[in-house]
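Here is what each chain is made of, one letter per residue.
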Amino acid sequence: MIHFLPAAAIIGYAVSAVLMVGLIASRRFSTAVMVPIPVLFLAVIGLGPTAFIMGVGLLLFALFAWAVEAKWSTFAMLAVVPFAIGSIQHHRHVGSLVQDIDAMRADFPVQSLKERLRFHEEHPVAGGEAASTASFATSGGRRYASRAWKLERLHDESYKDFVAAAGFGSVRMVRVRRSSLELPKLVRTPVASRDLCFDNREVPGRAKPTESDLNQLHLAGMKEFIDDNRMGFDRGPDFVIGFEPHAVASSPAPIRANDETWQVARLELVSLLRHDEPRVYVSDDLPNLDELEQTPTRPLDEFERTHLAALENDQEVVTSDEPTVIRMLGAVRATETCLGCHSVPQKTLLGAFSYDLRPVRHDAPGSAEVAVGSSPEK
């Protein structure tokens, strides 16, 4: 497909060239070199490199004609060169942009998540469909982050048409760049460093994290797990662009309590929606939904079974204080960003994080150490 210069650019260039030919024919060279200046000004403020190339070409050839006192016919022939160069440059530039759009669409296609969410269809939640429909009625689609807006724009045909149109749309538009769509690749990350040693000694009066500290730790993990940027754009489970599976990307930060340091030694995802009975995914690495198929599961232990009901009754975090370990269960609830695909009412309990926090031992390792990632006795 040939991408022509805009009609306004062709007419403007032709008028400028004809005017300059007339001025040179009357030997008014100093006036002729002033004609391309408005073209250069427009190029600088928005018409882009093509208009600039054409304007500079006219100016240089006008200066050349003035220097050698060339005939108007010589200048007229030379004036064709900037127009030809500008036309070729414009065609290549717009063609490259169109190819880039096609390549990005291929890399970020419209996809369906119905298979991933099959359990929802088989086990619908009361009020879920109505909540999802109401959400779309007010939003028209998910645009909770700038990446979502760009993904929607990328697949909007009017965006590509505007770029490919015979005009300077490619210059005036807000570009969708690949760098703004790509997310850092997640790597398997252990919950805690393999070099850490945990202290299994029972120390009377040991300082422990406050309830606020534990709530903040869980909230930080939730923000990573339900990251708006990873959601992409969707109009429901059959129309999703740029979705990246939910995951916790970085190891939880240690918590200081006076002279003690507490670190998350175990962080496991409790699934309520993929199995007939709640199951816990067992892994020494941070939760990543893209790896669930290869991750073994176990039934809930006594602490998890006992306290899951509290989360179902709208409590966000439940803890159990033991001498050398803090057990914690934190709710994973549906936010507004989840409604389109999960078809559940907002704040529905979708799962939970099960934590072990242990004190870090800073002195020389001894027989009381507990290996990182080891689960409590059940």
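Residues numbered from 1 in each chain as written. Predicted model: local features only at pLDDT ≥ 70, side-chain atom pairs only at ≥ 80, totals over all residues. Heavy atoms only, no water.

## Remarks on the pattern of salt bridges
Two side chains that carry opposite charge are able to pair once their charged atoms sit near each other.
Part 1 of the reasoning: Tallied over the entire structure, the rule returns 20 salt bridges.
Part 2 of the reasoning: Notably, a salt bridge pairs arginine 327 with glutamate 304, separated by 3.6 Å at the nearest N-O pair. With arginine 327 in strand β10 (residues 326–333) and glutamate 304 in helix α14 (residues 302–312), this residue pair connects regions lying 23 residues apart in the sequence.
Part 3 of the reasoning: With relative accessibility at 6%, the residue arginine 327 sits in the buried group.
Part 4 of the reasoning: By sharing partners, the salt bridges in this structure join Arg266, Glu268, Arg298, Asp301, Glu304, Arg327 and Asp356 into a single network. (Salt bridge = Lys/Arg side-chain N within 4 Å of Asp/Glu carboxyl O. Helix = DSSP H or I, 4+ residues; strand = E, 2+ residues; numbered from the N terminus. Buried < 20%, exposed > 50% of the residue type's maximum accessible area, 1.4 Å probe, protein only.)

## A look at the UniProt feature "transmembrane region" (unreviewed entry) in the protein chain
Part 1 of the reasoning: Taken from the UniProt record, the annotation "transmembrane region" (unreviewed entry) applies to residues 6–25 and 37–66.
Part 2 of the reasoning: For residues 6–25, helix accounts for 95% and strand for 0%, while the C-alpha atoms at its two ends are 29 Å apart. (UniProt positions renumbered as here; feature names shortened; annotations may be inferred.)

## Details of the packing of aromatic side chains
Part 1 of the reasoning: Within this structure, the stated rule accounts for four aromatic pairs.
Part 2 of the reasoning: Taking the centre distance of 5.6 Å and the plane angle of 40° together, the rings of tyrosine 13 and phenylalanine 83 count as tilted. Pair noted here: tyrosine 13 is in helix α1 (residues 7–25) and phenylalanine 83 is in helix α6 (residues 80–107), with a separation of 70 residues, a long-range link.
Part 3 of the reasoning: The exposure class assigned to tyrosine 13 is buried, which follows from its relative accessible area of 8%.
Part 4 of the reasoning: Judged by relative accessible area, which is 28%, phenylalanine 83 ranks as partly exposed.
Part 5 of the reasoning: Considering the side-chain rings of phenylalanine 225 and phenylalanine 353, the 5.1 Å spacing of their centres and the 80° angle between planes classify their relative orientation as edge-to-face. Placement of phenylalanine 225 in helix α12 (residues 211–225) and of phenylalanine 353 in strand β11 (residues 349–359) is noted, with a sequence separation of 128 residues between them. Taken as a pair, phenylalanine 225 and phenylalanine 353 share a single burial class, namely buried.
Part 6 of the reasoning: What links up through ring pairs into an aromatic cluster is the set Phe225, Phe353 and Tyr355.
Part 7 of the reasoning: Over the aromatic face of phenylalanine 239 sits the side chain of arginine 235, whose NZ or CZ is 4.7 Å from the ring centroid. (Phe/Tyr/Trp six-rings, centres within 6.5 Å; stacked < 30°, edge-to-face > 60°. Lys NZ or Arg CZ within 6 Å of the ring centre and 35° of its normal.)

## Structural notes on the environment of histidine 3
Part 1 of the reasoning: With respect to the helices and strands, the residue histidine 3 is situated in the segment before α1.
Part 2 of the reasoning: Judged by relative accessible area, which is 7%, histidine 3 ranks as buried.
Part 3 of the reasoning: The spatial distance from the C-alpha of histidine 3 to the C-alpha of alanine 164 is 6.9 Å, given a sequence separation of 161 residues.
Part 4 of the reasoning: Discounting chain neighbours no more than four positions away, the residues touching histidine 3 are His90, His91, Val94, Gly95, Val98 and Ala164. (Contact = heavy atoms within 4.5 Å.)

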